[in-house]
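The residues making up each chain are set out below.
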Amino acid sequence: MRTKSTQNIVNFESVKPINPIAPYLGGKRLLAKTIVPIIEKIPHNIYAEPFMGMGGVFFRRTQKPKSEAINDINSEIVNMFRMVERFPDYLADMLKFKICSRAEFKRMLATPPLLLTELERAVRFLYLQKTAFGGKVRSQAFGVNVREARFNSERIIPQIHALHKRLTGVYVECLPYQDFIIRYDRPDTLFYLDPPYWNCENDYGKGIFGKADFDELAKLLKGLKGRFIMSINDVPEIRRIFKSFYIKEVQTTYTTGTQPGKKAAELLVSNVNFNTL
């Protein structure tokens, strides 16, 4: 495969890495240590993530290009980022008197988000993600950590302001991944993709991403003008679908709550030859 070239490369700007504001199923806390150095070796003017989630890789980068764009089909995630970007002080005020309470968790879980204002929706989303067991998005249950409360207003308020600062100038989209990729694809774009994993497609909602999407994604990436890196679980079906790209095996650990971590094999897939970096 011929490595694609980029033109008119600008200098990266150093940024302070921050942790995602809330836990999220499939977060990249450990794997980011492998992925971020690879990303920062690839020249690009535009950095884009079609499957943002809580930004387990995005926020742990130490350098950024001139333009950044993030996207998620989950409108509650996108609304939360928009409220952090636009109204951080109001959001902090609405959260500062919250306590870590099972009753409050159940009340918020039972409240339909569409009945709330955009700020109230952001409060609901953050509270549920902070207090839900395992960072789950669906079938959420209240989680208890005996070492420290999952929700602590004294910690979340500085997180909101750090996140607000980091999101300055970032394009925030809520599009199907296909539309987002097509819209931001340029010769000097670098995409980082973290789609649902094989056999985990329904963990983020039914009908959002299915097995047929892996073939569609592979076809879309073959025609890409820019470059990409994708993280995905190591199963035979994924190796077959993405066999025309460069594949790198990596090791990580899956953790849930306070349980001991489980070693797991994953893949990095790219149209960039890892051996040249």
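Just above, that's the structure.
*Asks:* Got a minute to help me understand the overall build of the protein in this structure?
*Replies:* Helices and strands together make up the secondary structure of the protein, namely 9 helices and 9 strands. In terms of overall dimensions, the protein is globule-like: its C-alpha atoms have a radius of gyration of 19 Å, near the 19 Å expected for 277 residues. Principal-axis analysis of the C-alpha atoms places the extent of the protein at approximately 55 × 40 × 35 Å. The buried share among the 277 residues of the protein stands at 51%.

*Asks:* Explanation requested: the packing of aromatic side chains in the structure shown.
*Replies:* Where two aromatic rings form a pair, the distance of their centres and the angle of their planes describe that pair. Summed over all chains, the structure comprises 14 aromatic pairs. Taken together, a centroid distance of 5.2 Å and an interplanar angle of 45 degrees make the contact between Trp-198 and Phe-214 tilted. Residue Trp-198 is found in the loop between strand S6 (189-193) and helix H8 (211-222), and its partner Phe-214 is found in helix H8; the two are separated by 16 residues along the sequence. The exposure class assigned to Trp-198 is buried, which follows from its relative accessible area of 11%.

*Asks:* Explanation requested: the packing of helix H2 (residues 75-86) against helix H6 (residues 153-167) in the structure shown.
*Replies:* The description of two packed helices rests on the angle between their axes and on the distance between the axes. Their axes nearest at 8 Å, the elements H2 and H6 cross at an angle of 90 degrees. Taken as axis vectors, H2 and H6 run roughly perpendicular relative to one another. Where H2 approaches H6, its residues Phe-81, Val-84 and Glu-85 are matched on the opposing element by Ile-160, Leu-163, His-164 and Leu-167. Of the residues that constitute the contact of H2 with H6, the class distribution is 5 nonpolar, 1 polar and 1 charged.

*Asks:* Explanation requested: the side chain of Lys-64 in the structure shown.
*Replies:* You can see Lys-64 is positioned in strand S3 (residues 63-64). Despite being buried, Lys-64 has no salt bridge partner; Glu-13 is the closest side chain of opposite charge, sitting 4.1 Å away. Not counting residues within four places of it along the chain, the set of residues in contact with Lys-64 comprises Phe-12, Glu-13, Val-15, Arg-166 and Thr-168.

*Asks:* Explanation requested: helix H4 (residues 102-110) in the structure shown.
*Replies:* An α-helical turn contains 3.6 residues, so a residue and the one three or four places further along point in the same direction. Every buried residue of H4 is listed here: Glu-104, Phe-105 and Met-108. In a view along the axis of H4, the buried residues occupy a sector of 105 degrees, so they form one face of it. Seen from the open side of H4, the exposed residues pointing more than 90 degrees away from its buried face are Ala-103, Lys-106 and Ala-110. Residues of H4 that are buried make contact with helix H5 (118-131). At the N-terminal end of H4, a side-chain oxygen is found 3.2 Å from the backbone nitrogen of Ala-103, two or three residues along, and the residue is Ser-101.

*Asks:* So what exactly am I meant to see when it comes to the layout of surface pockets here?
*Replies:* Space left empty within the atom packing is revealed by a probe, the size of a water molecule, rolled over the atoms. Put simply, the second largest pocket is a space of about 160 Å³. Lining the second largest pocket are Glu-13, Ser-14, Val-15, Lys-16, Ile-18, Lys-64, Ala-162, Lys-165 and Arg-166. Listed by contribution, the elements that provide at least two residues to the lining of the second largest pocket are strand S1 (13-14) and H6. Its residues assigned to classes, the lining of the second largest pocket comprises 3 nonpolar, 1 polar and 5 charged.

*Asks:* Where do I start with the pattern of salt bridges in this structure?
*Replies:* Between side chains of opposite charge, a pair can form when the charged atoms approach closely. Applying the stated criterion across every chain yields a total of 11 salt bridges. A salt bridge links Glu-201 to Lys-211; its shortest N-O distance comes to 3.3 Å. On the criterion of sequence distance, the pair formed by Glu-201 in the loop between S6 and H8 and Lys-211 in helix H8 is long-range, its members being 10 residues apart. Accessibility expressed as a relative area gives 8% for Glu-201, which makes it buried. According to the relative accessible area criterion, Lys-211 is partly exposed, its value standing at 34%. Through salt bridges with shared partners, a single network forms among Arg-61, Glu-68 and Arg-166.

*Asks:* What am I meant to see in the pairing of S6 here?
*Replies:* Buried residues dominate S6, accounting for 5 of its 5 residues. Taking every second residue as pointing to the same face, both faces of S6 are buried, with Thr-189, Phe-191 and Leu-193 on one and Leu-190 and Tyr-192 on the other. Two elements, strand S2 (residues 46-49) and S6, share 3 bridges in a ladder whose sense is parallel. From the neighbouring strand, Ile-46 faces S6, where its bridge partner is Thr-189. Strand direction decides the pairing type here: S6 and strand S7 (residues 227-233), joined by 4 bridges, are parallel. The residue of S7 that forms the bridge with Leu-193 is Met-230.

Rules of the game
Residues numbered from 1 in each chain as written. Predicted model: local features only at pLDDT ≥ 70, side-chain atom pairs only at ≥ 80, totals over all residues. Heavy atoms only, no water. Helix = DSSP H or I, 4+ residues; strand = E, 2+ residues; numbered from the N terminus. Rg over C-alpha atoms; globule rule 2.2 N^0.38 Å. Buried < 20%, exposed > 50% of the residue type's maximum accessible area, 1.4 Å probe, protein only. Phe/Tyr/Trp six-rings, centres within 6.5 Å; stacked < 30°, edge-to-face > 60°. Axes fitted to C-alpha atoms, helices over the stretch in contact; angles between N-to-C directions. Parallel < 35°, antiparallel > 145°, perpendicular 65-115°, else oblique. Contact = heavy atoms within 4.5 Å. Nonpolar A, V, L, I, M, F, W, Y, C, P; charged D, E, K, R; others polar. Lys, Arg positive; Asp, Glu negative; His and termini not counted. Salt bridge = Lys/Arg side-chain N within 4 Å of Asp/Glu carboxyl O. Arc of directions from axis to C-beta. Polar contact = N/O pair within 3.5 Å; in protein donor to acceptor, adjacent residues only side chain to side chain. 1 Å grid on protein atoms, 1.4 Å probe; cavity = no way out; pocket = protein on both sides within 12 Å on 5 of 7 lines; lining within 4 Å. Points joined across faces, edges and corners; volume = space filled by probe spheres on them. Pairing = 2+ DSSP bridges.

Scope: geometric values only; no functional claims are made or implied.
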